Every structure is written in structure tokens, then in C-alpha cells.
Amino acid sequence: MSRMRSCKRCGTCCSKGGPALHTEDLPLIDGRHLTIPDLITIRAGEPVFSPLVNTIEPSRSELIKLAGQDDSWTCHFFDQAQNLCGIYANRPLECRLLKCWETADLTQVIYQHCLSRHDIIPANDDLWELITIQEEHCEFAKIAALAAEFITTCNSTTQTEIGRIVSLDLKIRQRAIQLRRLSVAEELLYFGRPLFKSLAFYHLTLHEGPHGITVHSASSLGA
Ligand code: SF4
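Every chain begins its residue count from 1, and numbering advances along the sequence as written. Only residues with pLDDT of at least 70 are given local features in this predicted model, and only at 80 or more are side-chain atom pairs given and counted; all residues enter the totals for whole chains, interfaces and linings. With hydrogens and water set aside, each side-chain value is computed from the structure's full complement of heavy atoms.

Colleague: In this structure, what is going on with the packing of helix α6 (residues 156-180) against helix α7 (residues 184-191)? I would like to understand it.
Modeller: Helix-helix packing is described using two parameters, namely the angle between the two axes and the distance between the axes. Axes, fitted as lines to C-alpha atoms, cover a helix only where it is in contact. Angles between the N-to-C directions of the axes lie from 0 to 180 degrees. Secondary structure elements are defined from DSSP: runs of H or I of at least 4 residues count as helices, runs of E of at least 2 residues count as strands, and each element is numbered from the N terminus. Two elements in contact, α6 and α7, have axes whose closest approach is 11 Å; the angle formed by their N-to-C orientations is 125 degrees. Comparing their axes, α7 and α6 come out oblique. Every pair of crossing elements has a handedness; the one defined by α6 and α7 is right-handed. Seen from α6, the contacting residues are Ile172, Arg173, Ala176, Ile177 and Arg180; seen from α7, they are Glu187, Tyr190 and Phe191. Throughout, the term roughly parallel applies to angles under 35 degrees, roughly antiparallel to angles over 145, roughly perpendicular to angles from 65 to 115, and oblique to all others. If you view the pair so one helix is near and one far, a crossing is left-handed when the near helix is turned anticlockwise from the far one by less than a right angle, and right-handed when it is turned clockwise. Whether two residues are in contact is decided by their heavy atoms, any of which lying within 4.5 Å being enough.

Colleague: Would you explain the packing of aromatic side chains in this entry?
Modeller: The way to describe two aromatic rings as a pair is by their centre distance and the angle between their planes. Here a pair means two rings of Phe, Tyr or Trp (six-membered ring of Trp) with centres within 6.5 Å. Their orientation is stacked below 30 degrees between planes, edge-to-face above 60, and tilted elsewhere. In total, this model carries two aromatic pairs according to the counting rule given. Between the aromatic rings of Tyr190 and Phe191, the centroid separation amounts to 6.3 Å while the plane-to-plane angle is 35 degrees, which identifies the pairing as tilted. A single burial state applies to Tyr190 and to Phe191, both of which are buried. Here the aromatic rings of Phe201 and Tyr202 are separated by 5.4 Å at their centres, their planes lie at 85 degrees, and the arrangement is edge-to-face. When a residue's accessible area, from a 1.4 Å probe over protein chains only, is under 20% of the maximum for its type it is buried; when over 50% it is exposed; and in between it is partly exposed. Owing to a relative accessible area of 34%, Phe201 belongs among the partly exposed residues under this scheme. A relative accessible area of 8% means that Tyr202 is categorised as buried. Geometrically, a lysine NZ or arginine CZ counts as sitting over a ring once it is within 6 Å of the ring centre and also within 35 degrees of the ring normal. Here the guanidinium or amino end of Arg91 rests over the ring plane of Tyr88, the centre of that ring lying 3.9 Å away.

Colleague: In this structure, what is going on with the side chain of Thr74? I would like to understand it.
Modeller: Considering the arrangement of structural elements, one finds Thr74 in the loop between β4 (63-66) and β5 (78-79). The exposure class of Thr74 is buried, given its relative accessible area of 8%. Those residues in contact with Thr74 that sit more than four places away from it in its chain are Cys14, Ser15, Ala67, Gly68, Gln69 and Gln80.

Colleague: Help me understand the pairing of strand β8 (residues 212-217) in this model?
Modeller: The side chains of a regular strand alternate, first on one face of the sheet and then on the other. DSSP-based pairing: two strands are paired if at least 2 bridges between them are found. Sheet topology places strand β7 (residues 204-209) next to β8; six bridges connect them, and they run antiparallel. The partner of Leu204 across the bridge, within β8, is Ser217. The loop that links β7 with its antiparallel partner β8 comprises two residues.

Colleague: Before we go on, may I ask you to explain the site of the ligand in this structure?
Modeller: Around the ligand, the neighbouring residues are Cys14, Pro19, Leu66, Cys75, Phe77, Phe78, Cys85, Ile87, Pro92 and Cys95. If you map the ligand onto the pockets, it falls in the largest pocket. Counted by class, the shell around the ligand contains 10 nonpolar, no polar and no charged residues. Nearness is defined per residue: one heavy atom within 4 Å of the molecule or strand is enough. Any residue with an atom within 4 Å of a point lines the site, the site being either a cavity, points on a 1 Å grid over the protein atoms alone where a 1.4 Å probe fits but cannot get out, or a pocket, an open set with protein on both sides within 12 Å along at least 5 of 7 lines. Cavities and pockets are treated as containing a molecule whenever more than half of the molecule's atoms lie within 2 Å of their grid points. Throughout, the ten residues Ala, Val, Leu, Ile, Met, Phe, Trp, Tyr, Cys and Pro are labelled nonpolar, Asp, Glu, Lys and Arg are labelled charged, and all others, Gly among them, are labelled polar.

Colleague: Is there a simple way to explain α6 in this structure?
Modeller: Residues spaced three or four apart along an α-helix point in a common direction, a consequence of the helix completing one turn every 3.6 residues. Over its 25 residues, α6 extends 36 Å from the first C-alpha to the last, a length consistent with the 36 Å expected when each residue adds 1.5 Å. Buried within α6 are the following residues: Thr158, Ile162, Gly163, Ile165, Val166, Ser167, Asp169, Ile172, Arg173 and Ala176. The elements touched by buried residues of α6 are α4 (128-137), α5 (140-153), α7, β7 and β8. The positive-phi residue at the C-terminal boundary of α6 is Arg181, with phi of around 50 degrees. Multiplying 1.5 Å by the residue count of a helix minus one yields the expected span of that helix.

Colleague: What should I look at first to understand the domain arrangement of the protein in this one?
Modeller: Accessible area lost upon the coming together of the parts serves often as the stated size of an interface. Domain ranges listed in this record stem from an automatic or a database domain assignment. As assigned here, the protein comprises domain 1 (12-119) and domain 2 (128-222). Taking only C-alpha atoms, the centre of domain 1 and the centre of domain 2 are 24 Å apart. On the side of domain 2, 21 residues touch domain 1, which itself brings 18 residues to the contact. Computed with a 1.4 Å rolling probe, the buried area is the accessible surface lost when two parts are put together, summed over both parts. The contact between domain 1 and domain 2 buries some 1600 Å² in all, and 60% of this surface belongs to carbon and sulfur atoms. Three residues, Arg43, Pro47 and Arg117, lead the burial of domain 1 against domain 2; their summed loss comes to 41% of the area buried on that side. Only one rule defines a salt bridge in this text: a Lys or Arg side-chain nitrogen within 4 Å of an Asp or Glu carboxyl oxygen. The interface formed by domain 1 and domain 2 includes four salt bridges. Put simply, Asp71 and Lys197 hold a salt bridge, and the shortest N to O gap is 3.4 Å. We define a polar contact as two N or O atoms separated by no more than 3.5 Å, with the added condition that, inside protein, one atom must be a possible hydrogen donor and the other a possible acceptor, whereas residues neighbouring each other in sequence contribute only through side-chain atom pairs. Connecting domain 1 to domain 2 are eight residue pairs in polar contact (both at pLDDT 80 or more).

Colleague: Would you mind going over the pattern of salt bridges with me for this structure?
Modeller: For side chains of opposite charge, pairing can occur when their charged atoms come near one another. Going through the model one piece at a time under the given rule, you end up with 13 salt bridges. Between Arg60 and Glu57 there is a salt bridge whose closest N-O contact spans 3.0 Å. Under the relative-accessibility criterion, Arg60 is labelled exposed at 51%. Residue classification places Glu57 among the buried residues on the basis of a relative accessible area of 12%. Lys99 is the partner of Asp105 in a salt bridge, and the nearest nitrogen-oxygen pair spans 2.8 Å.

Right, dumping it as C-alpha cells:
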């Protein structure tokens, strides 16, 4: 049986998520090839598909990736009807290196020289103050630790603390939108995806009631 040695354009790699961008890709973010709405921030610790382990894992560092389509991870530039890349001639480094029959070239660059918001958002942007508050008080690592504790103990103080952090993340975004009228795409670059979107990874579900946000164990709801 012959082994695959060339790209069959099946689109599987493009459906697993857009690439993380590296310093080599910085010239592409020139407002012509890639623009702000094409990008999304993955915050450190956020659950994300990793080509290194071929599954979802907490991101080992902050990343800037090409955005997905609607609520899926399928790359923003992937034309699903025609199985074509919309920016093939100017595709980022990871896309140029990826050969699904031989992944060594790609795995060598994963998490190496990755772009972060500091490479894209000017240092004097007044939204850095809110980004810093989010980084200090809404860490994915903290949510992961609290979620593990809550799933084991059902401790109500821990449950309240998770709800408080998820609410704070939303309040920070609302404040930024008030200040700057950010579009959804701009919000996803400045602040990444809202924390509540990742709760399922920690086996939690979110409920919004008259007294605010609460989280619950997904298994307790299904029981
Ligand atoms: S930029 Fe092109 S090749 Fe890369 S993931 Fe997106 S559609 Fe696929």
C-alpha cells in the first residue's frame, strides 16, 4: 500500500483550527494580508487544540491564532465548499510547514517564537489596563485549579469564586466595549474568548440567574 506523500487537500488540518502565528508571520499583519478581525488571542492556559498532542490541552503560552468560523475552530480562511485556502500564497508559517504525513517540521516550531498581544497591540493603547486586570484576576490556571477542587468537594465557596471570576471576565469586556465600541472580532483579539466558553473543558456548566452567574458540575446536572 503506498503511503501518502503529498497534500490531498482534504482540509482536515484547516478544520482543526487556524495556525498560531510566529515572528516570521508578523509582516503578514499589515492590514492587507491579515487584519485584526482575522486574529484571535489564546490566553496562556486556555484549552486549545494542540498539534503536538493532537488533542485539546491548556495552551502552554499566550498565542495569536487565525480566528475560526462562527463558533467552530475551522480556520477563518478555509473555504469548506471548495476545500481551498483563501490566503494560500500568503499562508502563515505553520501552514507552510504542515505535512500531515510528516509532522517533524511543524512540531519543531510549535510554541517557538510565537506572537502575543504585545507584538500587535501598541504599548500606549489604553485598553492594556483592562488586559492587565484580566491577566491578573481571570487566569485559566486558577479556573482549572478551582474547577478541579469544586468537582471533588462541591465546596460552595469555591463555586462562588469560579462564578465571580467568570463574571469579572465579562465585566472587563463590557467596560472595554463601553470605552471603545469594540467589535466582537476586536474583543477576541484584546481579551481572547470569554472564560465561560471554556467551562465545559473543566466539566462545568454556567447558569445566569437573578443573582448573577453560578457554575455547576456538568455531571451533577446530568445525574
Ligand atoms: S491559512 Fe489556509 S492553509 Fe492555513 S489553516 Fe487557514 S485555510 Fe488552512
